[in-house]
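Below are the chains, spelled out letter by letter.
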Amino acid sequence: MSSSSNHDHPLIPLSHLGDLSVTEFLSDYWQKKPVCIRNGVAFQEALIAVDELAGLALEPEVESRLIENKGDVKDWQVIHGPLVEADFNKERDFPWTLLVQGVDCFVPQVHDFLSKFRFVPSWRLDDIMISYATQGAGVGAHFDRYDVFLIQGEGQRQWQIGQACSVNSALMAHNQLCLLQNFDVHQEFILNPGGLLYIPPLIAHKGVAMSDACVTYSVGFRSPSYGDVLASFADERSTDISADLRLKDQGFASKSGEISAMDIAALMQFMQAQITPENVAQWFGKHSTEAKYPALNMSEEAMDQAELEAIIKDGYGVLRVSEGVRLAYTWQGDGGLTLFVQGEALPCPPDVTVFIEAIANQWVLEVEDIVPLLAHDAAKAMLLILHNQGYLYFADE
């Protein structure tokens, strides 16, 4: 799964995309313009078997769609998951595509592949969507409001890159798909396995499978709107402010119909007082680590101190961040380190910080290497909390 430039542990972020260094990519292309990179990622094997992908689409907790390209674009049909066996057994004489979202939340190999894109902050990572398409199939010309890497896993796909779009771009009349009414082709590429296409936000694009069994991995990034940011921060602050604190007037008013400059200044003073480094960090840590699928059962069989000590003594295997778990941390002045995991804030005592930094930055630790990180009882206690909540687990590799 790793690039030819990365021969170490599979969870080490990529240093190169094909022959292009990540430093050059971030400087010249990231959030600026599309780029096609031949042999951008080398695969030792498929991230997931097609039968397993189809099996995931049958599960109620998995987000999936099947798009049928029958007739004109306006007549295309979308079947939303969970799918049933009959959806796959149906005979079709027209192209179709299976799309499965958030596969990294369910398949360790896909989760590991997502980790390779942590050359940007991991709070930006959203998920990996995997598509399986028959020859001629596609989802139509569209644009996304987030960055995406489109990586060819199997077969061939033609990609066309179009114009920059906006909220004012005209969409086709379709009640299930957001497709562009106008699509101006500026560039065209055919991707073979390992080929990679980067698309910045708001750039129109259209993909069509050139072969049967065409598999594409889409690495998407979280990009909340400024409106969502403000609304979420306001919601967070509102829960921490006592209902007893109320707006007050400024006293005598010679013009009772006027909202005075003093009224506005008082409101601004209150609002500005909420925007402190601590408040913003607490809100953003929770917001950026909220679970993609909150209903997903993350529970692990509870482990006690004695069992943990036995694993450490054995020195075999690895400690992993669980699939679907989002975690990050902040340093808040004299307040120390706070770990955020699945939308919750966990203040960490000083004896825990080295361990938390290691697991949050690396996502996997060799058991033999965690011994010095767990030198203090507080660190072992934190590991047990995270393990027993299902956020971390021990594995052979």
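The structure displayed is predicted, hence computed values, not measured ones.

### Thoughts on the overall build of the protein
Helices and strands together make up the secondary structure of the protein, namely 10 helices and 19 strands. Expressed as a percentage of its 397 residues, the buried residues of the protein come to 47%. The contacts of the protein with a sequence gap of at least 6 include a subset with a gap of at least 24, amounting to 78%. About 20,500 Å² of surface is accessible on the protein, with carbon and sulfur atoms providing 52% of the total. Computed over 25 positive and 54 negative side-chain charges, the inter-centroid distance for the protein is 8 Å.

### Some details on the pairing of strand β9 (residues 157-164)
By the criterion of burial, β9 is predominantly enclosed, with seven of the eight residues buried. Strand direction decides the pairing type here: β9 and strand β10 (residues 187-191), joined by five bridges, are antiparallel. Residue pairing for β10: Gln160 is matched across the bridge by Glu188. Looking at chain direction, β9 and strand β12 (residues 203-209) are connected through six bridges and run antiparallel.

### Some thoughts on the pattern of salt bridges
Going through the model one piece at a time under the given rule, you end up with 11 salt bridges. In this structure, Lys292 engages Asp127 in a salt bridge whose closest nitrogen and oxygen atoms are separated by 3.8 Å. Of this pair, Lys292 sits in the loop between α7 (277-288) and α8 (305-314) while Asp127 sits in strand β7 (residues 125-133), and the two are 165 residues apart along the sequence. A salt bridge links Lys286 to Glu236, with the shortest nitrogen-to-oxygen separation between them at 3.0 Å. With Lys286 in helix α7 and Glu236 in helix α5 (residues 226-240), this residue pair connects regions lying 50 residues apart in the sequence. A cluster of three or more residues bridged by salt bridges with shared partners is formed by Asp126, Asp127, Lys292 and Arg326.

### Focus on the sheet that holds strand β14 (residues 318-321)
Spatial strand order, β18-β14-β19: three strands in an open sheet with antiparallel pairing. Each having just a single partner strand, β18 (364-366) and β19 (392-395) make up the two edges of the open sheet. Across the sheet, the mean angle from the axis of one strand to that of its neighbour is 20°, orientation sign disregarded. Both β14 and β19 contribute to a ladder of four bridges, which runs antiparallel. Within β19, the position partnered with Arg320 by the bridge is Tyr393. Relative to the sheet, helix α10 (residues 377-388) contacts β14 and β19, its axis offset from that of β19 by approximately 90°.

### A look at empty space enclosed by the protein
In this structure the tally under the stated criterion is two cavities of 30 Å³ or more. Taken as a whole, the largest cavity spans an internal volume of roughly 180 Å³. Lining the largest cavity are 18 residues, with Ser122, Leu125, Val325, Arg326 and Trp363 sitting closest to its centre. If you list the elements that add at least two residues to the lining of the largest cavity, you get α4 (108-115), β7 and β15 (327-331). Taken as a whole, the second largest cavity spans an internal volume of roughly 30 Å³. Along its surface, the second largest cavity is lined by Cys105, Ala291, Lys292, Tyr293, Leu296, Met298, Gly324 and Gln342. For the lining of the second largest cavity, the per-class residue count stands at five nonpolar, two polar and one charged.

### A closer look at a negative patch on the surface
Together, Glu300, Glu301, Asp304 and Glu307 make up a region of like negative charge exposed at the surface. Tracing the backbone shows Glu307 in helix α8. By relative accessible area, Glu307 is classed as partly exposed at 41%.

### Looking at the side chain of Lys380
Mapped onto the fold, Lys380 is located in helix α10. Setting aside chain neighbours within four positions, we find Lys380 in contact with Gln305, Leu308, Glu309 and Leu374.

### Here's the deal with the layout of surface pockets
Taking a probe equal in size to a water molecule and rolling it over the atoms shows the remaining empty space. Empty space within the largest pocket amounts to approximately 830 Å³. Forming the walls of the largest pocket are 38 residues, and the residues nearest its centre are Arg65, Met129, His142, Asp144 and Tyr146. Looking at the lining of the largest pocket, the elements that each hand over two or more residues are β4 (64-68), β6 (96-100), β7, β8 (148-154), β9, β12 and β13 (214-221). Among the elements that line the lining of the largest pocket, the one with the most residues is β13, at five residues.

What counts as what
Residues numbered from 1 in each chain as written. Predicted model: local features only at pLDDT ≥ 70, side-chain atom pairs only at ≥ 80, totals over all residues. Heavy atoms only, no water. Helix = DSSP H or I, 4+ residues; strand = E, 2+ residues; numbered from the N terminus. Buried < 20%, exposed > 50% of the residue type's maximum accessible area, 1.4 Å probe, protein only. Contact = heavy atoms within 4.5 Å. Areas by Shrake-Rupley, 256 points an atom, 1.4 Å probe, with all protein chains shown as cover. Lys, Arg positive; Asp, Glu negative; His and termini not counted. Charge placed at Lys NZ, Arg CZ, Asp CG, Glu CD. Pairing = 2+ DSSP bridges. Salt bridge = Lys/Arg side-chain N within 4 Å of Asp/Glu carboxyl O. Axes fitted to C-alpha atoms, helices over the stretch in contact; angles between N-to-C directions. 1 Å grid on protein atoms, 1.4 Å probe; cavity = no way out; pocket = protein on both sides within 12 Å on 5 of 7 lines; lining within 4 Å. Points joined across faces, edges and corners; volume = space filled by probe spheres on them. Nonpolar A, V, L, I, M, F, W, Y, C, P; charged D, E, K, R; others polar. Patch = residues over 30% accessible without salt bridge, like charges linked within 9 Å, V, L, I, M, F, W, Y side chains within 5 Å.

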